[in-house]
Every structure is written in structure tokens, then in C-alpha cells.
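Structural overview for review
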Amino acid sequence: MSTIRISKQQKKSLLLLHFLELRFGKHIPVNTSFLRTKVEAELNEESHMEISLAKNHFLVSLRTLAKHDYLVFQPNTGKLINDNVRKTESMWQLTDNGRQFAETYYSSLLRPK
């Protein structure tokens, strides 16, 4: 597996998925638009100016994480996974590598600098 530089929005996405798994159980699929709005809100809280994540760029960043085995995605074809989500929207889950990265990232956030 090749190493990649993971952006702040990608780290926030992995961390959000990890927290959702801790709360609701492992292997919970989360849709792209929910992830994007939550990550955008977190980045806006930290920033001094308004941040707007482009839908396409966010999707590409998630697909990059999937390509490097941090996430798994599956289409919501026929609304079989979730009735409340558009049928063209992808659903995302953490892999073991993504879970490990999120745990390590969260523990590094807790350590004093």
C-alpha cells in the first residue's frame, strides 16, 4: 500500500465515521451529503472565514481514501441501503485501516503540543 498525504477534510471525514461507528456500531453506512455537511460545519467552526466544500472535490477525496483502502463505498442502488438517501448517492464505511488511522489521529489530537 502506498502512502498518501491525507488532507484535513479527509481526516475529519475518517474521524466522523469513526465516531458514528462508536456510537451506533461497526459497519454503519453513511451517505456522502451527510458527511460533507458535517465536515464542512466542523471546518467552519475552526476557521475564521466561511468554507464551502465543493460536492465533486469532496467525492473525489473520499474516492481517493477508498482507493488507498481507508474507506469502502457502495452505491445506494434502488434505495436498498437507505430509503432516505437519493439512489444515486454513495454510502461509505470505514475499513480496518481507516479505523486505525482515525484512532491514531484522535489520540494525537488529545496529546498536548
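Figured I'd write up the structure that's included with this text. Quick caveat, the model's predicted, so the values are computed rather than measured.

The next thing to look at is the pairing of strand 3 (residues 90–94). Sheet faces and side chains relate simply in a regular strand, where the side chains alternate between the two faces. The element strand 3 is extensively covered by neighbouring structure, given that 5 of its 5 residues are classed as buried. Alternating positions in strand 3 separate into two faces, S90, W92 and L94 on one and M91 and Q93 on the other, with burial throughout. Bridging between strand 1 (residues 30–31) and strand 3 involves 2 bridges; their strand directions are antiparallel. Bridge pairing links V30 to W92 in strand 3. As defined by bridge partners, strand 2 (residues 71–75) adjoins strand 3 across 5 bridges and the pair is classed as antiparallel.

Okay, a nonpolar patch on the surface next. A surface patch of nonpolar side chains, amounting to about 490 Å² of accessible area, comprises F19, L22, Y106, L109 and L110. Among the elements that take part in the nonpolar patch, helix 4 (residues 96–110) stands out by supplying 3 residues, more than any other. Turning to its location among the elements, L22 is positioned in helix 1 (residues 8–24). The class of L22 is exposed, set by a relative accessible area of 60%.

Along the chain, Q93 falls in strand 3. Between the alpha carbons of Q93 and V72 there is a distance of 5.2 Å; along the sequence they are 21 residues apart. When residues no more than four places from it in sequence are discounted, the contact partners of Q93 are H27, I28, P29, Y70, L71, V72 and Q74.

Next up on the list: the sheet that holds strand 2. Read from one edge of the open sheet, 3 strands run 1-3-2, paired in antiparallel fashion. Each end of this open sheet is capped by a strand with a single partner; those strands are strand 1 and strand 2. Docked against the sheet, helix 1 engages strand 1, strand 2 and strand 3, running at close to 75° with respect to strand 3.

Reading guide: rules and limits
Residues numbered from 1 in each chain as written. Predicted model: local features only at pLDDT ≥ 70, side-chain atom pairs only at ≥ 80, totals over all residues. Heavy atoms only, no water. Buried < 20%, exposed > 50% of the residue type's maximum accessible area, 1.4 Å probe, protein only. Helix = DSSP H or I, 4+ residues; strand = E, 2+ residues; numbered from the N terminus. Pairing = 2+ DSSP bridges. Patch = residues over 30% accessible without salt bridge, like charges linked within 9 Å, V, L, I, M, F, W, Y side chains within 5 Å. Areas by Shrake-Rupley, 256 points an atom, 1.4 Å probe, with all protein chains shown as cover. Salt bridge = Lys/Arg side-chain N within 4 Å of Asp/Glu carboxyl O. Contact = heavy atoms within 4.5 Å. Axes fitted to C-alpha atoms, helices over the stretch in contact; angles between N-to-C directions.

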